[in-house]
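# Residue-level structure breakdown
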Amino acid sequence: MKLYKTKIQGTGKYHPEKVLTNEELSKTVDTSDEWITQRTGIKERRISDLSKDEHPSGMAARAAKEAMKNAGWEPNDVDCILFATTIPDMMLPNTASMLQAALGITNNCACLDVNAACTGWLYGLQMANSLIQTGVYKKVLLVGTEMASGFNNWEDRSTCVLFGDGSGVTALEAQEGDSESFILDSILGSDSSKRMALAMPNGAAMSPITHEILDNKEQYITMDGQVVFKNAVKTMASHCSTLLRRNGLTNDDIDWFIPHQANLRIIETVGKLLDFPAERVITNVQKYANTSSATIPTAMHEAVMDGRIKRGQKVMLAAFGAGLTSGAAILQF
Ligand code: ACO
């Protein structure tokens, strides 16, 4: 069977206009800029405005238009949309179909939502790469978008300070023959024994919304921060080590490391465990907080646009999220 290579042909991102700083947040909930900065590195986040269509498909449409423009694609070139998100536009139809409509795609391309929380875009990358490598699709739009403000309890200081809204989109294209751009390797996993450490247990099939749930404000995200922290650093570091080892690479071969942007302490700890130089770690969590499945594609887009990431360079990615899902990948950009 003929095998193709997967090239990131274009990238794009969108963050809502509304900025919510730590100082502003500390006026409505018992927290402080000092606490948030020290524990997470986050200074501000963006918050969606539904009257401006800043819902998942609306944010993704803006990011996708930029990614497709950078890739040189027309809407009907897209063969498949993989839409990683935790909170969809609606329970039905899926958000990938909402995006197909928003982009004016009329070729009936395949549309699938991927829910692996913050690891969603990385899960989508392995799926897209498999579909492209085997010749099933030539052009895949891979989306990571989160409207985290929809699952935040704005009265719970232990979670609401951590998250933000945004979208990152990647246009992935099949390459024949020699290509300097390809996905070298990836690894995914999930430790379901810790699945309730990060959860939104109410509002779906097992526990439909009731007046009692709403009165008790139990429709939001719940988290055991320390379990998540420990698992995040352990799995991201071990996945990266596995990928480096099985591809005969060392840190010196990796030009850039883009870890999931949950918080700076996690990123720094993973960097230390891997002994990876901090100046080659890309971060944007300070400006946008944790935008879940959108963090890696938005950070990648920023680094591509400002000239840090160049064609042919090796980039290592790692993520973790609810599930507890986790993964890593190494690609040649
Ligand atoms: N402001 C001020 N004080 C706070 C805040 C806040 N926003 N939040 C908690 N505190 C208080 C607590 O009440 C506690 O007070 P106490 O000692 O009087 O009881 C104290 O700060 C320490 O709380 P801890 O939870 O022990 O703080 P910790 O050092 O563990 O930091 C944090 C909390 C930042 C959440 C950390 O555990 C962490 O980074 N965990 C990972 C979280 C994460 O990344 N989640 C995203 C997962 S990805 C996804 O899929 C969505």
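Residues numbered from 1 in each chain as written. Predicted model: local features only at pLDDT ≥ 70, side-chain atom pairs only at ≥ 80, totals over all residues. Heavy atoms only, no water.

Here we come to the pattern of salt bridges. Inspection of the entire model under this criterion finds 10 salt bridges. In this structure, the salt-bridge partner of E176 is K2, at a minimum N-O distance of 2.6 Å. With E176 in the loop between strand 7 (165-175) and strand 8 (182-190) and K2 in the segment before strand 1 (5-14), the pair connects residues that are 174 residues apart, well separated along the chain. Residues D306 and R308 are paired through a salt bridge, measuring 2.8 Å at the closest nitrogen-oxygen approach. Residue classification places D306 among the partly exposed residues on the basis of a relative accessible area of 47%. Sharing partners across several salt bridges, the network here consists of K13, K287 and E302. (Salt bridge = Lys/Arg side-chain N within 4 Å of Asp/Glu carboxyl O. Helix = DSSP H or I, 4+ residues; strand = E, 2+ residues; numbered from the N terminus. Buried < 20%, exposed > 50% of the residue type's maximum accessible area, 1.4 Å probe, protein only.)

A few words on helix 5 (residues 120-133). Spanning 14 residues, helix 5 covers 20 Å between terminal C-alpha atoms, matching the ideal 20 Å at 1.5 Å per step. Two residues or fewer after helix 5 comes G135, characterised by a positive phi angle close to 85°. (Expected span 1.5 Å × (residues − 1).)

As a further point, take the site of the ligand. Around the ligand sit 26 residues, and of these T31, C118, R157, Q226 and N263 come closest. Here R39 contributes a side-chain N or O atom positioned 2.9 Å from an oxygen atom of the ligand. For the ligand, a nitrogen atom lies 2.9 Å from a polar atom in the backbone of G225. Those elements that place two or more of their residues in the shell around the ligand are helix 2 (33-40), helix 6 (157-160), helix 8 (225-246), helix 9 (264-274) and strand 12 (314-321). Residues of the shell around the ligand, tallied by class, amount to 13 nonpolar, 9 polar and 4 charged. (Near = heavy atom within 4 Å. Polar contact = N/O pair within 3.5 Å; in protein donor to acceptor, adjacent residues only side chain to side chain. Nonpolar A, V, L, I, M, F, W, Y, C, P; charged D, E, K, R; others polar.)

Judged by pairing direction, the sheet is mixed, and its 4 strands sit side by side in the order 8-13-12-11 without closing on themselves. Two strands bound the open sheet, and with one partner strand each, they are strand 8 and strand 11 (256-259). Along the sheet, successive strands turn relative to each other by an average axial angle of 10°, direction set aside. Sheet topology note: the strand 8/strand 13 (residues 325-332) ladder contains 8 bridges and is antiparallel. Across the sheet, residue D185 finds its bridge partner in strand 13, namely I330. Packed onto the sheet, helix 5 meets strand 8, strand 12 and strand 13 and runs at close to 125° relative to strand 8. (Pairing = 2+ DSSP bridges. Axes fitted to C-alpha atoms, helices over the stretch in contact; angles between N-to-C directions. Contact = heavy atoms within 4.5 Å.)

Before going further, it helps to examine the sheet that holds strand 4 (residues 80-84). The strand order 1-7-6-4-5 describes an open sheet built from 5 strands, whose pairing is mixed. The sheet is open, and its two edges are formed by strand 1 and strand 5 (110-114), each paired on a single side. On average, each strand axis in the sheet is tilted by 20° relative to the strand beside it, whichever way the strands run. Where strand 4 and strand 6 (residues 139-147) come together, 5 bridges link them in parallel fashion. Note on strand 6: the bridge partner recorded for F83 is V143. Of the strands in this sheet, strand 1, strand 4, strand 5, strand 6 and strand 7 touch helix 5, which is tilted by about 170° from strand 6. Taken strand by strand, helix 11 (residues 295-305) contacts strand 1, strand 6 and strand 7, and its axis lies near 95° from that of strand 1.

By the criterion of burial, strand 13 is predominantly enclosed, with 8 of the 8 residues buried. Across the two faces of strand 13 the burial is the same, with T325, G327, A329 and L331 and S326, A328, I330 and Q332 all buried. In this sheet, strand 13 lies alongside strand 12 in antiparallel orientation, the contact comprising 8 bridges. Of the residues in strand 13, the one forming a bridge with A319 is G327. A loop of 3 residues connects strand 12 with strand 13, the two strands running antiparallel in sequence, and G323 in this loop sits at a positive phi of about 145°.

What is shown is where atoms sit, not what they do.
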